[in-house]
Structures are given as C-alpha cells and as structure tokens.
Amino acid sequence: GNLIEQLSDIAMHDNLTQLPNRRYLESFLHYKLSEFQKFGRLFAVLFADIDNFSHFNNTYGHDLGDRVLINIASSIEQNVRRDDLIGRWGGEEFVGIYTIGEPDAIVSVGEKFRQAILHTEVSCEESALNVSMSIGVTAVRKGDTAESILERADRLMYQSKHHGKDKVTVG
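Anyway, here's the lowdown on the structure attached to this text. (Residues numbered from 1 in each chain as written. Predicted model: local features only at pLDDT ≥ 70, side-chain atom pairs only at ≥ 80, totals over all residues. Heavy atoms only, no water.)

Quick notes on the nonpolar core
Basically, it comes down to this: To qualify as a nonpolar core, a set must consist of buried Ala, Val, Leu, Ile, Met, Phe, Trp, Tyr and Cys residues joined through side-chain atoms within 4.5 Å. The rule is simple: take the accessible area with a 1.4 Å probe, protein chains only, and divide by the maximum for that residue type; under 20% is buried, over 50% is exposed, in between is partly exposed. The numbering of helices and of strands both runs from the N terminus, where a helix is a DSSP run of H or I of at least 4 residues and a strand a run of E of at least 2.
With 30 residues, the main nonpolar core has Ile-50, Val-68, Ile-72, Phe-113 and Met-133 as its most contacted residues. When residues of this core are traced back to their parent elements, those giving at least two are strand 1 (43–50), helix 3 (53–60), helix 4 (62–78), strand 3 (93–99), helix 5 (106–118), strand 4 (121–124) and strand 6 (133–139). With 18 residues, the next largest nonpolar core counts Val-95, Ile-149, Leu-150 and Ala-153 among its residues.

And the structure:
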C-alpha cells in the first residue's frame, strides 16, 4: 500500500507480535459499542494475561519472553474469525473482541482461546515449554462504556489468576 496505509498500519499494530495494538482495540471497541447501542448487536470482551510471565523472563531471559509473546500471537492469528479482533493490550496482556449471537457464547469464546494458548509451545534448549493464560470474558450489557466492560473483563481475569490460573472466568 501507500505510505499513509503503511503508517496507519504501524500505528495500529504492536511491533513485536504484529497483532492489533491497544489503540486499534480501543477504536474497535467503541465501534462495537455504538453498533450495540444502535442495533443491539452483541459482542464479548476477553481479557487474558500470560501465567507466570515474569518467571519466563527471569529464568530464561527476555529473548525467550519475546518468543512466548510471538508464539502466542501466531496461535491467536490461526484462531481468529473474520468479525473478531484479538490484540496485544500491552506487556503480557491480550484483549479479544468477539461478535456473539447470545450472551452464553462467552463460555465457548473463552474456552477456545484457552485451548489455543495451551497448545502453544516455546522451544527452549532441548525442551518445549508450555504456556497458559488466565482469562476473563464478559458480554456487553445495557449502559456499558468501554471502560466498564474492560474493567469487568479484567476483574474476571484476576479471579482466574486467584483460582489457580489456566482458567476462564465468565461474568
């Protein structure tokens, strides 16, 4: 594409993983909220955090930490549907915004994501390390703002952390 397209692409993607970045996710979330307000189109927000990420970095170094992020990104890309957007929120946090038909769909959204991450391996010397994530998923509700829905998904993710990690908490 032309320079402007390239620049907007850079501005909207995380340079390590090439996933959509926080700015892109936020603008997509605002778009989905206005669609919900106008037409009642439901969507879910998923908040996920890599389990024991500082342990990876401290034990194996930041190069391996970067590889964990890159491998997770490619697992995510293989599992993303056309109407959904999954990106890197920052650090070891990822956010997904999913079109759903009914609120109960959040369970399978979270579970599919958890499984995709579990099948992510990172090779380290002779062995392969497995990665897991703690996940929170919520569906949009009447009166939600971008802040309220993200806060709820984040809070649910923390419940997954507290209850043993590699878990999905929905609400």
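Side note on the pairing of strand 6
Rule in force here: Between any two strands, at least two bridges found by DSSP are needed for them to pair. Handedness of a crossover is defined as follows: orient the strands so they point away from the viewer, and if the path from the first strand over the helix to the second runs clockwise, the crossover is right-handed.
With seven of seven residues buried, strand 6 is to be regarded as a mostly interior element. Residue alternation in strand 6 divides its side chains into two sets, Met-133, Ile-135, Val-137 and Ala-139 and Ser-134, Gly-136 and Thr-138, and both sets are buried. Of the strand pairs in this sheet, strand 1 and strand 6 are connected by seven bridges, and their pairing is antiparallel. Within strand 6, the residue paired with Ile-50 across the bridge is Met-133. Following the chain from strand 6 across helix 6 (residues 146–162) to the adjacent parallel strand 7 (residues 168–170), one finds a crossover that is left-handed.

Some words on the sheet that holds strand 1
Across a sheet, strands are paired by hydrogen bonds formed along the backbone, either parallel or antiparallel in direction. Spelled out, the test is: All axes here are fitted lines through C-alpha atoms, helices being fitted over the stretch that makes contact, and every angle between N-to-C directions spans 0 to 180 degrees.
Strand order in the open sheet made by the five strands is 2-3-1-6-7, with mixed pairing throughout. The open sheet is flanked by strand 2 (85–90) and strand 7, the only strands paired with a single partner. Adjacent strand axes in the sheet meet at a mean angle of 20 degrees when their direction is disregarded. Pairing analysis gives three bridges linking strand 6 to strand 7, with the strands arranged parallel. Note that in strand 7 the partner of Val-137 across the bridge is Val-170.

Some points on the side chain of Arg-114
Counted only if it meets this: What makes two residues a contact is simply this: any of their non-hydrogen atoms within 4.5 Å.
The topology assignment puts Arg-114 in helix 5. When its relative accessible area of 15% is taken as the criterion, Arg-114 is described as buried. Ignoring any residue separated from it by four or fewer positions in sequence, one finds Arg-114 in contact with Ile-135, Asp-166, Lys-167 and Val-168.

Concerning the pattern of salt bridges
The following threshold applies: Salt bridges are defined by distance alone: a side-chain nitrogen of Lys or Arg within 4 Å of a carboxyl oxygen of Asp or Glu.
Under the definition given, this model contains ten salt bridges. Between Glu-26 and Arg-22 there is a salt bridge, with its nearest N and O atoms 3.6 Å apart. A residue pair is termed a helical-turn pair when its members lie 3 or 4 positions apart in one helix, as Glu-26 and Arg-22 do in helix 2 (residues 22–39) at four residues. For Arg-114, the salt bridge goes to Asp-166, with nearest N and O atoms at 3.1 Å. A residue pair is termed long-range when its members are at least 10 positions apart, and Arg-114 in helix 5 and Asp-166 in the loop between helix 6 and strand 7 qualify at 52 residues. Because the salt bridges share partners, they merge into one network encompassing Lys-32, Glu-35 and Arg-41.

Description of the pairing of strand 1
Of all eight residues in strand 1, eight are buried, a share of seventy percent or more. Side chains of strand 1 alternate between two faces, with Phe-43, Val-45, Phe-47 and Asp-49 and Ala-44, Leu-46, Ala-48 and Ile-50 buried alike. Across seven bridges, strand 1 lies against strand 3 in antiparallel orientation. Within strand 3, the position partnered with Val-45 by the bridge is Ile-97.

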